Amino acid sequence: MAGSVNKVILVGNLGREPEIRHSNAGQKIASLSVATSDVWKDKSGQKQEKTEWHRVVIFNPNLADIAERFLHKGSKVYVEGALQTRKWTDQSGQEKYSTEIVIGNFKGELGILDAKTGSDAGSDWGASSASASSASSAGGWDSSPAAPAASGGDFDDEIPF
């Protein structure tokens, strides 16, 4: 095999507000805590659920800005990135490891999957997404919705067929 693939795709909900910090160079970095759940019935027919928590780090400053402005605890998100394990030494001298899903400057995607209804429809994005490469190369991200919100307006005039 000539190469390898390191790609992670998650669809889940934020467990807390995005954590925003800045690098030494002043670049915005966002950290997300995303929960995914698996639901099944056991042999007795009882509903079982297992939740996994995933740490997501966004190094793309444009996507980090979107996360800061539009994501909140409970937001449903689509995340596409790469697994990365980092090692550090804690205050007591013990080596620690952390595995994270990383959205870099030119790889990965962040999608906002929440559908807003009622009076919220115009104040936030419905279902929107941006890739790290398009957000970086464009120098920003178009704030117009990628899809109409659940109770969105009449867009029939804009359909080309």
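With that out of the way, let us pick up the overall build of the chain. Within the chain, the secondary structure is distributed over two helices and eight strands. Taken from the N to the C terminus, the helices and strands of the chain come in the order β-β-β-β-α-β-β-β-β-α. By residue count, 31% of the 161 residues in the chain fall in the buried class. Considering only residue pairs separated by 6 or more positions, the chain has 56% of its internal contacts joining residues 24 or more positions apart. Of the roughly 10300 Å² of accessible surface on the chain, 48% is carried by carbon and sulfur atoms.

By the burial criterion, the buried members of helix α1 (residues 61–70) are L63, A64, I66, A67 and F70. Taken down its axis, α1 places every buried residue within 155° of arc, on the same side. The N-cap of α1, judged by a side-chain oxygen 2.8 Å from the amide nitrogen of N62 a few residues on, is N60.

A few words now on the environment of G15. Locating G15 in the fold gives a position in the loop between β1 (8–14) and β2 (19–22). For G15, a relative accessible area of 23% gives the class partly exposed. It is 9.9 Å that separates the C-alpha atoms of G15 and K76, two residues lying 61 residues apart in sequence. Excluding residues within four positions of it along the chain, G15 makes contact with S33, W53 and K73.

With that settled, consider the side chain of H54. Considering the arrangement of structural elements, one finds H54 in strand β4 (residues 47–58). When neighbours within four sequence positions are excluded, H54 is seen to be in contact with L10, L32, S33, V34, T36 and I101.

Attention shifts here to the nonpolar core. In this structure, L32, V56, I58, L71, V79 and L110 are the most contacted members of the largest nonpolar core, which totals 20 residues. Broken down by element, this core gets its largest block of residues, five residues, from α1. Beyond its immediate chain neighbours, meaning those up to four positions away, V79 contacts V8, I9, L10, V56, I101, I103, E109 and L110.

Glancing now at the confidence of the model for the chain. Per-residue confidence for the chain averages 80 on the pLDDT scale, and 71% of its residues sit at or above 70. Overall, residues 117–127 carries pLDDT values under 50, and its contacts beyond four positions in sequence, including any with other chains, amount to 26 contacts. Low pLDDT (under 50) marks residues 133–157, which in the prediction has 36 contacts with non-local residues, meaning those over four places away or in another chain.

A few words on the side chain of E100. Mapped onto the secondary structure, E100 falls in strand β6 (residues 95–103). For E100, a relative accessible area of 3% translates into the label buried. Reaching out from E100, the side chain makes a polar contact with the side chain of R55 at a distance of 3.2 Å. Setting aside residues no more than four positions away along its own chain, E100 makes contact with R55, V57, A82, L83, Q84 and R86.

A few words on the pattern of salt bridges. In the structure shown here, the tally under the stated rule is ten salt bridges. Linking D90 and K96 is a salt bridge whose minimum nitrogen-to-oxygen distance equals 3.9 Å. Residue classification places D90 among the partly exposed residues on the basis of a relative accessible area of 22%. Since its relative accessible area comes to 33%, K96 is described here as partly exposed. Where salt bridges share partners, they join K28, D65, E68 and R69 into one cluster.

Cut-off values and rules
Residues numbered from 1 in each chain as written. Predicted model: local features only at pLDDT ≥ 70, side-chain atom pairs only at ≥ 80, totals over all residues. Heavy atoms only, no water. Helix = DSSP H or I, 4+ residues; strand = E, 2+ residues; numbered from the N terminus. Buried < 20%, exposed > 50% of the residue type's maximum accessible area, 1.4 Å probe, protein only. Contact = heavy atoms within 4.5 Å. Areas by Shrake-Rupley, 256 points an atom, 1.4 Å probe, with all protein chains shown as cover. Arc of directions from axis to C-beta. Polar contact = N/O pair within 3.5 Å; in protein donor to acceptor, adjacent residues only side chain to side chain. Core = buried A, V, L, I, M, F, W, Y, C linked by side-chain atoms within 4.5 Å. pLDDT = per-residue confidence, 0-100. Salt bridge = Lys/Arg side-chain N within 4 Å of Asp/Glu carboxyl O.

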